[in-house]
Amino acid sequence: MKLLKLLALSTVFGLTAAAANAATLDDVKAKGFVQCGVSQGLIGFSNPDESNNWTGLDVDFCKAVAAAVLGDATKVKYSPLSAKERFTALQSGAIDVLSRNSTWTMSRDTTLGLSFAGVTYYDGQGFMVPTKLGVKSALELNGASVCTQTGTTTELNLADYFKANKMEYKIVAFEKNEEVLKAYQEGRCDVFTTDQSGLYAEVLKFANPADHMVLPEIISKEPLGPVVRQGDAAWFNVVKWTYYATLNAEELGVTSKNVDEMKASANPEIQRLLSVKVKNPDGTDADNDFGKGLGLGPDWAYNIVKQVGNYGEIFERNLAQLKIARGKNALWNAGGLQYAPPIR
Amino acid sequence: MTLSYVRTIDAPKLPAPTSTSGLLAKLRDRFAPTPLSGLGTIIIALFLGWAFWSIFQWAIINAVWTAADREPCNAAGAGACWPFVQAKALQWVYGFYPIAERWRPNTIFLLGGLSMAGLLIPKIPYKGWNALFFFIAFPIIAYVLLTGGRFGLEAVGTEQWGGLLVTLIVAITGIVASLPLGILLALGRRSEMPVVRTLCTGFIEIVRGVPLITVLFMASVMFPLFMPPGINPDKLLKALVGVGLFSAAYMAEVVRGGLQAIPKGQYEASMAVGLSYWRMMLLVVMPQALKVVIPGIVNSFISLFKDTSLVSIIGIFDLFNIVQSGFNDAKWASAQTGNTGYFALALIYWAFCFSMSRYSQFIERKLNTGYTR
Amino acid sequence: MTDISQQPKSVPPPAAASGESWFYNPKIRGYASQIIVVLLLLWGLSEIIGNTQANLKKLNQNFGFDFLTQAAGFDLSTSLIEYSSNSTYGRAIVAGLLNTILVAVLGIIFATIIGFVVGVMRLSKNRVVAGAATLYIELIRNIPLLLQIFMWYALVLKPLPGVKDAYSFFGSIFLSKKGIVMPHPNFGSGAWIGLLFLIVALIGTWLFRKRARKRQDETGKITPVWLISIPIIILSPFVGLALAGWPLHFDYPELKGFNFTSGMTIVPEMAALLIALIVYSATFIAETVRSGIQAVSHGQSEASSALGLSRGMALRLVIIPQAMRVIIPPLASQYLNLTKNSSLAIAVGFPDLMYAGGTVNNQSGKAIEVVFILMVVYLSLSLLTAAFMNWFNSRMKMVER
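Draft legend 1. Spatial organisation of the overall build of chain B. Along the backbone of chain B there are 15 helices and 0 strands. Over its C-alpha atoms chain B spans a radius of gyration of 27 Å, topping by over 25% the 21 Å that the globule rule assigns to 373 residues. Structurally, chain B occupies a C-alpha span of about 90 × 75 × 40 Å along its principal axes. Out of the 373 residues belonging to chain B, those deemed buried represent 39%. Here the contacts in chain B between residues at least 6 apart in sequence split such that 66% fall between residues at least 24 apart.

The structure is reproduced here in structure tokens:
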């Protein structure tokens, strides 16, 4: 009966009736692509070009998930979402995973019915001002008008920061990022604030990038990462371990270029990452397949690294153009915060 | 008895009227019937002259006509940045529709245009067949051809559609869906069954009482929550449902106006010859009522066409959104890009809406011969 | 369209001649179809509610309005009531609602004035005046309002200077990219005397007007009521305040650092939204007014000019009062449209109801509750406007007799 109803409804709502029930992993496998929520255009994270090819760190993460689950990094469909509609879209099942520079906060984790699967980028909120303003520190901004996007943590941090430093400010917040940029360039406000990576990305779109500078202060912790619906442990694991696989690959020195040679590596950690069968002393093959636990094939991590690359490669590919250094996003053994549990 | 408010003394004699014939008199009558009016003429003429000159200067004289990127447009004193429009024009029409597959939207444009012309030009015969094609066959053809995925056509997801294509799809789906729905709602509102009447009236008034954005917002974010777990319609489809329901409520009121214009005798006569309710409506009342409200339908189509720009707020890349998102292209972002884009948009929307409103006036004049109000 | 001349191929046999089968009884059919409709509706509703509950449960969410008392944490750029990031979500929505009402009321007032002027202009004998009005109407009403809001926003911002070089009027009103800053009146104790004087002046004017009417009926003499009473109405609160020892002082705007402190600010977003709403709605009101005036029979204007009324007087005393009967119903729907269109404020970031609701939804994740509140509030606003216009309409009808 239920099935019949479902069938009837899916014919009525024909176009692409994607399933959004608890078993996202099965749905993704069945429909053959990952529906990924991304931004409406943020260079370095998720940005479409003239013919709608998406690039960026967040986009590469979607591709990595598709590579792990479907074995083909191109099997991704992108849903550009505004800051406002992103969580509702995920809640409603319109997308499978939200990879849209979204900040992990307690309330989002606990009350929205969502789960953050990791921190793909450690960021913090910064300020940008026109150089001619002569401001050197955010603490000199008392009384300034600040442009930002509505419906973000940025909006909330801003209120906290000025309150904590006993400064006044006037907010000018817009729905669309384009409007924020336009208003700031027109001089409607003195300061533009968003995640610091965003500041470096957006300045490229300015008519005169050289006229603007980023202030040194970082006023918040903005751990950005992929989000999935709560209560779907299998899918949560897939997304989480896709991220860990890119980190582990970098740590082990496995790149998209050498991954095939690395299959012959004697390093047991690499063997486990790439599910290389090891020979038992008696000559039989010992199973080394960690994809099984995720409900994926043995090549899950191989496909990620081969088709998308390890974390370091993804970072370089997308963020080097913004002149963003690894900083906190270096691996733990290089002084950063990126740390993945071992595969074993 | 004398009436206190009736004059008892003569009013002062007025000077002789000025001549009312001759060129000078004609000119005076048309441009300065009174001195104050003449002053108005001068002020308005000066203002219009100034406005036209500024626009002309910006759009033609100071405009940048050829450029490879934003540099020339960014120069001080530059006017409109037309190379931006040129570079983006195809994207504005098709969105991100794959270049190799663009013959499909082209075919749809052609088919729809021909069929619509056949419907709108009074002299062309076979209106009934044409309507049947436009309202039933054409949407199916358009759906199959545009989405693809069968008959050997490559599948093109709706997230790749955009620009004018999506604007037209939203507007035409809105009108095609709203006409039958609106007729049903209008009949329901005039029904003698209290339950049906209350429901239809309630629906019409609620939808007409809230802004389209809330309807779109509801359709886009809440619709999936209302569906059984597992059903998640396409984003564009959700917007179409929202727009369709919204315009149905407005269409219902237009149709109701037409129904009210039909003399009672027509109903009574049809009942007298023994027609059932639906036959009476289908054969007698509706053909007359719909004919009366054609201008109303065209007018609601004009507002629907303008309202399609609101789907950009829920993140659909219609013409408006795609033009706006182009401002952000690092290659073209300049001081004049935004102005040029808005100017071009205004021209496009204006051309569509103005020609439709002209058509509506033309048809109104034509129909007026048969129906005196 | 279907051909009118088409005739039914055959006349259906008279339904259920003598046997009176219950199946063909129109009454029973009516009841049955209504019951079916109700059942379908109930099924649909239960389906929707059940699905929503299941979906919400899956998301670990529950339906409820208790989130309205939580701290919002975000600021709004302009608010009529005291509002800060410490205020609650509920207060944010109320602040948004008040902004919506402010824009709607101001928009309705100015759009009506401009609409009437342009509508009359379009019928002017002066070709340039009529042409300009036609050009304005045909140009503006065929461009989407959303686009116009963006264009006005760009137009408003572009030519204005930064705060440091703000245009200054009388040293106390400043115009810059950050808006118009005006002195903020502050009323001390005793200010109620000023209000009292104003009320007395208004009542006095009303009585005076009544007497002047009577006098006109009796003697035919016209008293310039407004010429006398308007200055009195304007002056009376000041007289009252002076008597109370002037308990009024102004906070003058002062440039400190980045912005003007103290004083009242009209933000450019509101200016752009208001201008766009007024300019757009005025075209529709103008068309309504024009068709209303044209609906008044020609004899009326001929008769008034035969009586020696000037064209202005004829319009004011004879034509417009009669045209109002035709104008008011469509005018009411234009007012409704304007109120609903004010929700486009979201595009330029003016914190109206839709903006506040959207932000609350986004920060709290309560989509259903927020959309519910938005719908109910907009619906009530529409119903209020409609009720007011109905009342006004019935009044105009009485006057017209």
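Draft legend 2. Representation of the sheet that holds strand E9 (residues 144-149) of chain A within the structure. Residues and elements named next belong to chain A. The strand order across the open sheet built from 5 strands is E10-E9-E11-E8-E12, with neighbouring strands paired in mixed fashion. On the outer flanks of this sheet lie strand E10 (169-174) and strand E12 (212-214), each paired with one strand and no other. This sheet shows a mean twist of 30° between the axes of neighbouring strands, independent of strand direction. Bridge count between strand E8 (residues 125-130) and strand E11 (residues 191-195): 4 bridges; the pairing is antiparallel. In the sheet register, Gln125 faces E11, and the bridge partner there is Asp195. Each of E8, E9, E10 and E11 is contacted by helix H6 (residues 153-164), which is oriented at about 155° to E9, the strand it contacts most. Here helix H7 (residues 177-186) sits on the sheet and contacts E9, E10 and E11; the angle it forms with E9, its principal contact strand, is near 155°.

Draft legend 3. Expanded view of the pairing of strand E3 (residues 179-182) of chain C. Residues and elements named next belong to chain C. Pairing of strand E2 (residues 173-176) with E3 involves 3 bridges; the strand directions are antiparallel. Following the sheet pairing, Ser176 is matched in E3 by Gly179. Taken together, the 3 bridges between E3 and strand E8 (residues 264-266) define a ladder with antiparallel strand orientation. Across the sheet, residue Val181 finds its bridge partner in E8, namely Thr265.

Draft legend 4. Examining the interface of chain C and chain A more closely. Facing the 29 residues of chain C at the interface are 31 residues of chain A. At the level of elements, strand E7 (259-261), helix H10 (345-348) and helix H11 (353-364) of chain C are the ones that each hand at least two residues to the side of chain C that touches chain A. No other element matches H11(C), which puts 4 residues into the side of chain C that touches chain A. By residue class, the composition of the side of chain C that touches chain A is 8 nonpolar, 15 polar and 6 charged.

Draft legend 5. Main features of helix H7 (residues 268-295) of chain C. Between its first and last C-alpha, H7(C) extends 40 Å over 28 residues, near the 40 Å set by a 1.5 Å rise per residue. With 21 of 28 residues buried, H7(C) lies mostly within the body of the structure.

Draft legend 6. View of the packing of helix H10 (residues 235-261) of chain B against helix H13 (residues 294-307) of chain B. Residues and elements named next belong to chain B. In the contact formed by H10 and H13, the axes pass within 10 Å of each other and the chain directions differ by 160°. Looking at the two axes, H10 sits roughly antiparallel to H13. Considering the relative orientation of H10 and H13, their crossing is right-handed. Packed against H10, whose contacting residues are Ser247, Tyr250, Met251, Val254 and Gly257, the element H13 presents Gly296, Ile297, Ser300 and Leu304 at the interface. A breakdown of the residues in the contact of H10 with H13 according to their chemical character gives 5 nonpolar, 4 polar and no charged.

Draft legend 7. Representation of helix H9 (residues 311-341) of chain C in the model. All names here are of chain C. In this model, H9 (31 residues) spans only 35 Å end to end at C-alpha, well below the 45 Å of a helix rising 1.5 Å per residue. Of all the bends in H9, the greatest reaches close to 50° and is centred on Ile327; the proline Pro329 follows between one and four positions later. For H9, the complete set of buried residues consists of Ile319, Ala323, Met324, Ile327, Leu331, Gln334, Tyr335, Leu338, Thr339, Lys340 and Asn341.

Draft legend 8. Molecular detail of the interface of chain C and chain B. With 53 residues of chain C in contact, the opposing surface of chain B contributes 59 residues. A class-by-class count of the residues in the side of chain C that touches chain B yields 32 nonpolar, 14 polar and 7 charged.

Parameters at a glance
- Residues numbered from 1 in each chain as written.
- Chains lettered and ligands numbered in written order.
- Predicted model: local features only at pLDDT ≥ 70, side-chain atom pairs only at ≥ 80, totals over all residues.
- Helix = DSSP H or I, 4+ residues; strand = E, 2+ residues; numbered from the N terminus.
- Rg over C-alpha atoms; globule rule 2.2 N^0.38 Å.
- Buried ≥ 20, exposed ≤ 12 C-beta atoms within 10 Å, placed from the backbone.
- Contact = placed C-beta atoms within 7 Å.
- Pairing = 2+ DSSP bridges.
- Axes fitted to C-alpha atoms, helices over the stretch in contact; angles between N-to-C directions.
- Nonpolar A, V, L, I, M, F, W, Y, C, P; charged D, E, K, R; others polar.
- Expected span 1.5 Å × (residues − 1).
- Parallel < 35°, antiparallel > 145°, perpendicular 65-115°, else oblique.
- Left-handed = near helix turned anticlockwise from the far one by under 90°.
- Bend = angle between axes of the 7 residues up to and from the residue.

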